[in-house]
Each structure stands twice: as structure tokens, then as C-alpha cells.
Amino acid sequence: MSAHENSTAPKPVISATGLFTPEDSISNRELVDSFNAFVERHNAAHADAIAAGEMEALTPSSVEFIEKASGIKSRHVMNKAPLIDPEIMEPRHEPRGNDELSLMAEIGVAAAREALEKAGRDPADVDAVLCAASNMQRPYPAMAIEIQQALGIDGFAFDMNVACSSATFGIQTAADYVRAGHAKSVLVVSPEITSGHLNWRDRDSHFIFGDVATAVLVEDASIAPPAHWEILGTRLKTVFSNNIRNNFGFLNRAEPETIGSDDKLFVQEGRKVFKEVVPMVAEMIVTEAQRLSIDPARLRRLWLHQANAGMNRLIAQRVLGQEASEDESPTVLDTYGNTSSAGSIIAFHLNHEDLEAGDTGLICSFGAGYSAGAVFVRRSA
Ligand code: COA
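So, here is what we can say about the structure in this document. Please read all numbers here as calculations on a predicted model, not as lab measurements.

1. Digging into the sheet that holds strand β5 (residues 156-160)
Thought 1: Spatial strand order, β5-β4-β6-β7-β1-β8-β13-β12-β11: nine strands in an open sheet with mixed pairing. A strand with exactly one partner marks an edge of an open sheet, and here the two such strands are β5 and β11 (301-304). Adjacent strand axes in the sheet meet at a mean angle of 25° when their direction is disregarded.
Thought 2: Direction of pairing for strand β8 (residues 229-238) relative to strand β13 (residues 371-379): antiparallel, over a ladder of nine bridges. The residue bridging Thr 238 from the neighbouring strand is Ser 371, located in β13.
Thought 3: Seen against the sheet, helix α12 (residues 343-350) touches β1 (12-20), β7 (212-220), β8, β11 and β12 (360-367) and runs at an angle of roughly 95° to β1.

2. Some remarks on unusual backbone geometry
Thought 1: Following Tyr 140, the chain continues to Pro 141 via a peptide bond in cis, the omega torsion being 0°.
Thought 2: Take Pro 141: it is sitting in the loop between β4 (128-132) and α6 (143-151).
Thought 3: Here the bond from Gly 369 into Tyr 370 is cis, since omega is -15°, no more than 30 degrees from zero.
Thought 4: Within the chain, Ser 293 stands out as a residue other than glycine whose phi angle is a positive 55°.
Thought 5: Inspection of the secondary structure assignment puts Ser 293 in the loop between α9 (270-291) and β11.
Thought 6: For Ser 293, a relative accessible area of 68% translates into the label exposed.
Thought 7: Positive phi, normally seen in glycine, also occurs at Ser 340, with a value near 55°.
Thought 8: You can see Ser 340 is positioned in the loop between α11 (333-336) and α12.

3. Notes on the layout of surface pockets
Empty space among the atoms can be located by rolling a probe the size of a water molecule over them.
Thought 1: Of the voids in this model, the second largest pocket is the one considered here, and its volume is about 700 Å³.
Thought 2: As for the second largest pocket, its lining consists of 28 residues, and the residues nearest its centre are His 93, Leu 103, Met 136, Gln 137 and Arg 138.
Thought 3: Of the residues in the lining of the second largest pocket, the class split is 11 nonpolar, nine polar and eight charged.

4. Considering the site of the ligand
Thought 1: Close to the ligand lie 19 residues, the nearest being Ser 61, Arg 203, Gln 268, Arg 271 and Asn 308.
Thought 2: The contact in question runs from a nitrogen atom of the ligand to an N or O atom on the backbone of Arg 203, over 2.9 Å.
Thought 3: Computed on the free molecule, the ligand has an accessible area of 960 Å², of which 73% lies beneath the protein chains in the complex.
Thought 4: Counting residues per element, the shell around the ligand draws most heavily on α9, which supplies four residues.
Thought 5: When the residues that make up the shell around the ligand are grouped by side-chain class, the tally is eight nonpolar, eight polar and three charged.

5. Quick notes on the pairing of β11
Thought 1: Here β11 shows a buried face lined by Arg 301 and Trp 303 and a second buried face lined by Leu 302 and Leu 304.
Thought 2: Relative to β12, β11 is paired through four bridges, and the arrangement is parallel. Counted as the bridge partner of Trp 303 is Ile 363 from β12.

6. Overview of the side chain of Ser 61
Thought 1: Structurally, Ser 61 can be placed in the loop between α2 (47-51) and α3 (63-70).
Thought 2: A polar contact of 2.8 Å, which involves the side chain of Ser 61, links it to the side chain of His 206.
Thought 3: Excluding anything up to four places from it in sequence, Ser 61 contacts Val 32, Phe 35, Asn 36, Ile 66, Arg 203 and His 206.

7. Concerning the pattern of salt bridges
Thought 1: Applying the stated rule across the entire model yields 17 salt bridges.
Thought 2: The salt bridge partner of Asp 33 is Arg 29, with a shortest N-O separation of 3.0 Å. One end of the pair is Asp 33 and the other is Arg 29, both in helix α1 (residues 28-45) and four residues apart, which spans about a single turn.
Thought 3: Take Arg 29: its relative accessible area is 45%, and that puts it in the partly exposed class.
Thought 4: Ionic pairing is found between Glu 90 and Arg 201, a salt bridge with its closest N-O pair at 3.6 Å. Linking Glu 90 in the loop between α4 (80-83) and α5 (103-119) with Arg 201 in the loop between β6 (185-192) and β7, this pair joins segments that are 111 residues apart in sequence.

Procedures and definitions
Within each chain, residue numbers correspond to sequence positions counted from 1 in written order. Restriction of local features to residues with pLDDT of at least 70 applies here, the model being predicted, together with a cutoff of 80 or more for giving and counting side-chain atom pairs; totals for whole chains, interfaces and linings are based on all residues. To obtain the side-chain values, all non-hydrogen atoms of the structure were used and water was disregarded. Pairing between strands is defined by DSSP: at least two bridges between them are needed. Only DSSP runs of H or I covering at least 4 residues are called helices, and only runs of E covering at least 2 are called strands; the numbering of each starts at the N terminus. Between N-to-C directions, angles span 0 to 180 degrees; the directions come from axes that are lines fitted to C-alpha atoms, helices contributing only their stretch in contact. Two residues form a contact once any of their heavy atoms are found within 4.5 Å. To sort residues, take the accessible area from a 1.4 Å probe on protein chains only and compare it with the maximum for the residue type: under 20% means buried, over 50% means exposed, and anything in between is partly exposed. Any residue with an atom within 4 Å of a point lines the site, the site being either a cavity, points on a 1 Å grid over the protein atoms alone where a 1.4 Å probe fits but cannot get out, or a pocket, an open set with protein on both sides within 12 Å along at least 5 of 7 lines. Grid points are joined across faces, edges and corners, and a volume is the space filled by probe spheres set on the points. In this classification, the charged set is Asp, Glu, Lys and Arg, the nonpolar set is Ala, Val, Leu, Ile, Met, Phe, Trp, Tyr, Cys and Pro, and all remaining amino acids, among them Gly, are polar. We call a residue near a given molecule or strand whenever any one of its heavy atoms falls within 4 Å of it. Pairs of N or O atoms are called polar contacts if they sit within 3.5 Å, as long as, within protein, a hydrogen donor faces a hydrogen acceptor (for residues adjacent in sequence, only side-chain-to-side-chain pairs). Using the Shrake-Rupley algorithm and a 1.4 Å probe, accessible areas are obtained, with residue cover drawn only from the displayed protein chains. We define a salt bridge as a contact between a side-chain nitrogen of Lys or Arg and a carboxyl oxygen of Asp or Glu at a distance within 4 Å.

This is a description of form; function is not addressed.
Here's what the structure looks like:
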């Protein structure tokens, strides 16, 4: 009998999820008012250069554009005041010593605690922690190891960054550890402090992101609570592209006039991303569904990465063969914004309790790299 046919072979499932939502929230109105105040001050300060044609005037942003182009109405952030102060427009946080829990680890721990509590899991019985996220606070020591220590977990931990696809790549990695017998219980934590990597002075992207943290507890079915989600199959894909990029760090330092000072933060060619990522993701989902003998049209629910309402609509339509209802493809983008790798997990966390045993769904993320990850799941009980 092969390992696959052996009913006692480890079987990865999702035991529980957790979510941390920051208290602060910025509406489109507040965001645009602050951005436009900055534009007005900037243009007034450079009026002579603009009049002489030496500098281009900045253009104001608009609430209507943001909602129409992205579907976002507001976003949560860790500290609102400095972000919408036209004199600052950057995050400001009380500096913390190296012996204090870092901000990213703190919100990761909060989300992880909820997942552990829901699963009734003692942290001492968790074997590994993956911090799977885009917007890293530092290169090392790994935030995952800090989270591991704060939760009192024995075992191993590491960070992984596959941009917006980090959580699904993390789930597949955790599922593979369970299948291989390296671990029985793995926490995949995605703290996304996107506000630290967003250019709040860039009209094309200042509205996109929000802060949040999610956690997914991937375990062997033998120890999971009775109500869990079987992981039926996973598929990952990457194709190099510069259309979404962040050059954070000194290794990429160059004279501002040769590269431009803004590329140490998030930059993207939004339209190209839209056009190139939608077909790549839809095709990956359909191909993996075929491999698993799942009819994509019969998927009960899609928990998609929350990048942009239009992108999600198109992907869901291609997968289901018809326009998806809010019930079939729930949106959290309106109040959370794009929360990078955490988006599909928030959608799952907030919208799975009503499904029934045997219902099959898909968690899917996509983004910079390009990267895309699909996780097919079925409710157990
Ligand atoms: N307010 C008002 N107008 C704005 C604006 C703003 N904040 N930002 C851009 N515009 C204007 C532009 O000036 C342009 O005007 P023009 O047509 O007169 O030149 C017009 O709106 C279209 O700009 P564009 O940047 O092409 O907008 P878009 O319709 O493609 O929408 C995105 C922008 C980013 C919302 C959209 O491309 C998108 O969501 N792409 C998917 C990428 C994504 O979500 N990536 C995240 C990582 S997965």
C-alpha cells in the first residue's frame, strides 16, 4: 500500500484561523482630504518652478475614482494620525528596544492566539511557525522566531516572503511538513503592516493598502478538532515581473536622479498587473481543479485575494463560469483595503461558518513576483 492509500498517513487540514484588526480606520474622504491638502501645499511651495515649466504640478486624488477603480471605501491602519497629516504622510510608531516585542510580531501573536484558542491548541503542542508576509519589518532575526518565542512554542520558525501570495505559499509549505511527518501542527502567520511600505504621497497607489494580521493553523487531521477544513490540494505558481516592486534596503541604493527615490516603497503598473495576473490565476485554478477532479463551477465559495474588486470579479467569473454573488465570492476589500497576503485569509475567516459539511471552496492569492497560490478545502463537519 502506498503512503497515499494508507488511511493513517498524515493528512493536512486547517484547524482554525485568527484575525487581528487594528482599531484605527481611514475613510476615502479622510485620505483624499489629506492627500489633496498635501498637493495644494506642494504646488504652492513650487509655484514658480511650475509656472516656469521646470516642474509638473501634482494632481489631486478623488474619492469617486478610488471607489470605482478599486472597490475600497476605507482601510485599517496601525496608527492613523501621522498618515493623514499632510505634513507627515508616513507611519510613526514609538521606537521599541530590541528586547521588546516588535510591532509586526505583536499583531501576529494576537492573530495566532485567536487561531490557537479556536482550535483548543496548547502552544506547547505546535511544532513550527511560518511568518508568511510581504511587508517585513526587518531582515532578521526572523519575525517568526520572535512570534514563536512570545507564544512559548518549541520547534522551529522562519519568515517567508512571496508578496501577496505569502499565506497560500505558507499553507502549502505547512501542509507539506505535515504530509512528510516533519510536523503535526504548524502556525502560518501573516502580519501585514502595509502602511510601512506604501508611498502615501503617490496618487496612483496611496489608497490601495490596509494593515491587519491573520493566522492559519495547519495540522494533521489526527489531532485537529472535529470541525476543520481538509486541504484537498494546493498549487503554486510564479512568473517574474517588475510590474509590482519594492526595493527596500541599502543594497538597491542609487542616486535619486538615476532610479528615483520612490522605488524604496511599493510601486506598480496597475493596468499591466490587472491584465497579466487575471488570466494567469484563473488558468492555475481551473487546471488544479481538473487535477483534483473538482468541477470549478460547483465550488461553493471562493475566498480570493483582496486586491481590487474588478480583478476579483473577473477571476471569479472565469472560474465559476458566471458572475459570482457576494455569497460565492465574499469581499472584505471595501473596509480592509488590500491587505496583501492576509486578504484571502480574512475573507475565509469572516465567511466560512455558514458552510456545511462536504462543501468545497478555494482560498486563492496572487500578487507581486508575479505569484499565485491556490488551496482547495472541504469542510469536514
Ligand atoms: N484619483 C483620481 N484619479 C486618479 C487617481 C486618483 N487617486 N489615480 C489615478 N487616477 C487617474 C489617472 O490619472 C488616469 O487618468 P487618465 O486616464 O486621464 O490618464 C486614470 O485615473 C486611470 O489611471 P490608472 O492608474 O490607469 O487607473 P486604473 O483604472 O488602472 O486603476 C488601479 C488603478 C491600481 C486601482 C488598478 O489598475 C488596479 O487595481 N490594478 C490591479 C493591481 C493591484 O491591485 N495590485 C495590488 C497588488 S496585487
